[in-house]
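Now for the letters of each chain:
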Amino acid sequence: MTTIHNLGFPRIGARRELKFALESYWKGETSREALTTLGAALRRRHWADQAGLDLVPVGDFSFYDQVLDMSFALGNLPERVQDFHGDPLDNYFRVARGRSAQGGEAHAACCGGVAAGEMTKWFDTNYHYIVPEFTAQTPFTLDASRLLAQLAEAREQGVDAKPVIIGPLTYLALGKAKDGSSKLDLLPRILPAYAQLLDALVEAGAQWVQIDEPVLVTELDADWQHAFNLAYHELKGCRVKILLATYFGQLQDNQYLAANLPVAGLHVDAINGRDDIRPLLNLLSPHKVLSLGVINGRNIWKTDLNAVLDWLEPLAAQLGERLWIAPSCSLLHVPVDLANETKLDGDIKSWLAFALQKLDELRLLGTALRDGRDAVKEALAGNAAALAARRSSPRVHAPAVQAAVAKIDANLGRRASAYAQRARKQAALLRLPAYPTTTIGSFPQTPEIRHARSAFKAGTLDSAGYQAAMQAEIARSVREQEALGLDVFVHGEAERNDMVEYFGEQLEGYAFSQNGWVQSYGSRCVKPPILFGDISRPQPMTVAWTAYAQSLTDKPMKGMLTGPVTILNWSFVRDDQPRAASCRQLALAIRAEVLDLERAGVRVIQIDEAALREGLPLRRAQWGEYLDWAVESFRIAANGVRDETQIHTHMCYSEFNDIIASIAGMDADVITIETSRSDMELLDAFDHFRYPNQIGPGVYDIHSPNIPSREHIVGLMTKAAQRVPAERLWVNPDCGLKTRQWAEVLPALANMVAAAKELRAAA
Ligand code: GLN
Ligand code: ZN
């Protein structure tokens, strides 16, 4: 009989209950008890939601982050927080956020403020974890209390509990050695803590423990491969059965390693790693469990259950009891419950599955494998009908869009002239000074903007009233920019709630959920729009706002767009065509907008690709393919304009070393990037590559309320000019200013303009 199980459940709550509880606790509005009670209630509910599964994950619930939980379990706290007094949960929040609760801060004097842990993306997801910190001396001492408490709680509720922990190699791989020491040298010290943890879990009644080692789907060198063997041979002595879980990709050259580790079972992602399964069947020793992740834990589409059964049935016959099935990865990365969506179009809703619906699919597959497909005939027929409807829906398939994509050729993405010629024409037209100043797009989203937006959504403000309110904000932005003396203006993006949603809402082929929240980090959630069909742009999306803004000033007004790659990477995307195909459709839609802006007299157009880098595949070997279509898509979007039209792009990160050739390949006339915190060193990548076009290295860290001084900015730009010729430099902030307040923005930008003037005078 096939075992059905789950790898992890979204912890935030179907109504984001955890988010609200955390935030009110942090504000000092509610008690610690209220928070822990809510946590227990969520766990109880989520375990009940998983009823009928043979094994249910425990320990996946977290008040902030599962990696930080692991750091606490291993006693690996940064030195700066080791003398903390007070409540452990508050100390946990201090490491996560740099502070715990406001108001009830009893330890402000002795151990109050502290630098928060660094955050970074969990593999190729949009979930961010707190990076473990190591030094050569890091000690590890087990504190299993959190996990044991959750296990006891689950067992009390009659849950068939399978504790989930992050494996030692993945834990080390995700961390950062602060002193540059070798992380693998810590292995002999970390393993005893793991062994104790496993023993403690057996004592507490666990039979199986899921150890997550997703790092097995990345390229591992011989040292890391060896370390895997060493680690799991050492943990072999523990009496618990280990299910080693990998997900998000293919094992490829780690197949042999993964198959031969001395564990009781192996979970693989049968969505992204389907090709691994055949070879694994031959490699796995005949007593090991093979768990197949057959339901996609990364998207929101219904599974083709019949197709999965066609594939699984022979495997079930071959593997018998040894076959387990599950979602491909933790369901942390999908929203909780489709049933809460009351406004979604009925057709589209019938094609979707959120976490709870995915678990229903899993139960169905389990029953079909156990009792035969006839036992779930109706449900399978319903599933097949929904899929067939989706496959043939005219809402998904737009022949005109497909025809346009088929006609794409290399010329579409090519500017008429090379950069140097374009630059001359643009300079003659724009007449900008040396070190031109600009901003990245958004200005502060004031309470007035938010009120107008919510009133408009609620229907209490009509569209004329809304338009007037937004125009007033735009006019204010223009006035402030005039007063500051900036050179290239922006309209301020008052009308945009979110840089992807704004475009998604106006494109055919997009749908929006009401409650489709996914945890991004801590209490922060995102609600990715759902790209379900062929993309087209029924009408201009930004032209009226930009034209209005331009009408208020003689300075060049930047048209402001989000690029195709970023729109794609921040959406739930189709599973019925390659990402590249959806990206090209988006590219054509943005291209049409670019050309409309140009026609409306806009001379500078910025196309943001904030998320281009984060779309990089997990394996370097696959980077080239991704970058090819990503860059091609940008070029299609951007490069249809005349020589005189200046194309900007913006990326808010600072690691370009690996991808600089592709960035140059985009051929934007100007790129603005985040640099202020790296002291301009990252410009070395541009320097070494001899990046040919113009660059605006950010000189104002917009994540901080601090106002950069004129001297500081001059200093940064002087360093920049040592790496990039001054005539190709712009002066601008790191990113958009929407999260700041005007009171911070105005003095900062005034200093920035003053710095540019000083640089010009000195040149
Ligand atoms: N133009 C956008 C803004 O200024 C860019 C945001 C981003 O790069 N994340 O808000
Ligand atoms: Zn940015």
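All of these numbers come straight from a predicted model, not from anything done at the bench.

Here is what the cut-offs are and how they apply
- Residues numbered from 1 in each chain as written.
- Chains lettered and ligands numbered in written order.
- Predicted model: local features only at pLDDT ≥ 70, side-chain atom pairs only at ≥ 80, totals over all residues.
- Heavy atoms only, no water.
- 1 Å grid on protein atoms, 1.4 Å probe; cavity = no way out; pocket = protein on both sides within 12 Å on 5 of 7 lines; lining within 4 Å.
- Points joined across faces, edges and corners; volume = space filled by probe spheres on them.
- Nonpolar A, V, L, I, M, F, W, Y, C, P; charged D, E, K, R; others polar.
- Domains from an automatic or database assignment.
- Contact = heavy atoms within 4.5 Å.
- Buried area = accessible area lost by both parts, 1.4 Å probe.
- Salt bridge = Lys/Arg side-chain N within 4 Å of Asp/Glu carboxyl O.
- Phe/Tyr/Trp six-rings, centres within 6.5 Å; stacked < 30°, edge-to-face > 60°.
- Buried < 20%, exposed > 50% of the residue type's maximum accessible area, 1.4 Å probe, protein only.
- Helix = DSSP H or I, 4+ residues; strand = E, 2+ residues; numbered from the N terminus.
- Polar contact = N/O pair within 3.5 Å; in protein donor to acceptor, adjacent residues only side chain to side chain.
- Arc of directions from axis to C-beta.
- UniProt positions renumbered as here; feature names shortened; annotations may be inferred.

### Considering empty space enclosed by the protein
To locate leftover empty space, one rolls a probe as large as a water molecule over the atoms.
And step 1. Under the defined criterion, the tally for this structure stands at three cavities of 30 Å³ or more.
And step 2. For the largest cavity, the calculated volume is near 60 Å³.
And step 3. As for the largest cavity, its lining consists of Phe9, Pro10, Arg11, Arg43, His46, Trp47, Gln50, Pro57, Asp60 and Phe61.
And step 4. Across the lining of the largest cavity, the residue classes break down as five nonpolar, two polar and three charged.
And step 5. Volume-wise, the second largest cavity comes out at about 60 Å³.

### Observations concerning the domain arrangement of the protein
And step 1. When the domains of the protein are assigned, the result is domain 1 (3–8 + 49–89 + 118–391) and domain 2 (417–446 + 484–497 + 556–762).
And step 2. Inter-centroid distance (C-alpha atoms) of domain 1 to domain 2 is 38 Å.
And step 3. At the junction of the two partners, domain 1 supplies 21 residues and domain 2 supplies twelve residues.
And step 4. Taken over both partners, the interface formed by domain 1 and domain 2 buries close to 1,200 Å², and the fraction arising from carbon and sulfur atoms is 49%.
And step 5. Counting across the domain 1 and domain 2 interface gives four salt bridges.

### Re the packing of aromatic side chains
And step 1. Per the counting criterion, the structure on display carries 22 aromatic pairs.
And step 2. Measuring from centroid to centroid gives 5.7 Å for Tyr92 and Phe93, while their planes differ by 65°, and the two rings are edge-to-face. Of the two residues examined, Tyr92 and Phe93, each falls in the buried class.
And step 3. Aromatic pair Phe443 and Trp742: ring centres 5.0 Å apart, planes at 25°, arrangement stacked. In this pair, Phe443 is assigned in the loop between helix H17 (419–430) and helix H18 (447–458) and Trp742 in helix H28 (residues 742–762), connecting sequence segments 299 residues apart.
And step 4. Taking the relative accessible area as the measure of exposure, Trp742 reaches 8% and is therefore buried.

### Some words on the side chain of Asn569
And step 1. Relative to the assigned elements, Asn569 resides in helix H22 (residues 564–569).
And step 2. Of the polar contacts made by the side chain of Asn569, one reaches the side chain of Tyr626; its length is 3.2 Å.

### What to know about helix H21 (residues 543–551)
And step 1. Turning to H21, its buried residues are Val543, Trp545, Thr546, Ala549 and Gln550. The buried side chains of H21 occupy one side of the element, clustering within an arc of 165° when seen end-on. Summarising the geometry of H21, the exposed residues directed more than 90 degrees from the buried face are Ala544 and Ser551.

### Remarks on the UniProt feature "binding site: Zn(2+) 1" (unreviewed entry) in the protein
And step 1. Within the UniProt annotation, "binding site: Zn(2+) 1" (unreviewed entry) is assigned to His650, Cys652, Glu674 and Cys735. Across 86 residues, the annotated set stays spatially compact, with a maximum C-alpha separation of 8.7 Å.
And step 2. When you line up the elements, Cys652 lands in the loop between strand S19 (646–651) and helix H25 (660–666).
And step 3. When sequence neighbours within four positions are dropped, the list of residues in contact with Cys652 reads Ala610, Glu674, Asp734 and Cys735.
And step 4. Within the secondary structure, Glu674 is located in the loop between strand S20 (670–673) and helix H26 (683–689).

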